[in-house]
Amino acid sequence: LDLLAFDMVDVDAQTVLHIAQYTELKDAPIVAGAIMGKCQYLLTYDKKHLLNNPEIATQSGLIIATSGDLLQVLREDQ
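So, here is what we can say about the structure in this document. (Residues numbered from 1 in each chain as written. Predicted model: local features only at pLDDT ≥ 70, side-chain atom pairs only at ≥ 80, totals over all residues. Heavy atoms only, no water.)

### As for unusual backbone geometry
Piece 1. Positioned with a positive phi, lysine 38 is a non-glycine residue whose angle comes to about 60°.
Piece 2. Within the fold, lysine 38 resides in the loop between α2 (28-36) and β1 (41-43).
Piece 3. Judged by relative accessible area, lysine 38 falls into the exposed class, the value being 75%. (Helix = DSSP H or I, 4+ residues; strand = E, 2+ residues; numbered from the N terminus. Buried < 20%, exposed > 50% of the residue type's maximum accessible area, 1.4 Å probe, protein only.)

Dropping the structure here:
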């Protein structure tokens, strides 16, 4: 974690409600935060709502993966 930079972002209710049109309401603030933070990846283990829903990745522009998936990508890039 010492190698990562963390930023706090403000997400307004209107954005959350917009994102809730293509994801679960409980996950909308998380997806919105990742988008507003200009993240490339959203790491999760939520198979039911996030990992197995390709529409969220398409609509958000995020790569939704597990932390193990990202570690594999990083190792392959070395």
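Having seen it, we continue.
### A few points about the side chain of threonine 23
Piece 1. Tracing the chain through its elements places threonine 23 in the loop between α1 (13-19) and α2.
Piece 2. Given the relative accessible area of 8%, threonine 23 is considered buried.
Piece 3. Once you skip the residues sitting within four places of it in the chain, threonine 23 turns out to touch Ala28, Leu50 and Ile56. (Contact = heavy atoms within 4.5 Å.)

### So, the environment of asparagine 53
Piece 1. Summarising the element assignment, asparagine 53 is placed in the loop between α3 (47-51) and α4 (54-60).
Piece 2. Residues asparagine 53 and aspartate 77, spaced 24 residues apart in sequence, show a C-alpha to C-alpha distance of 26 Å.

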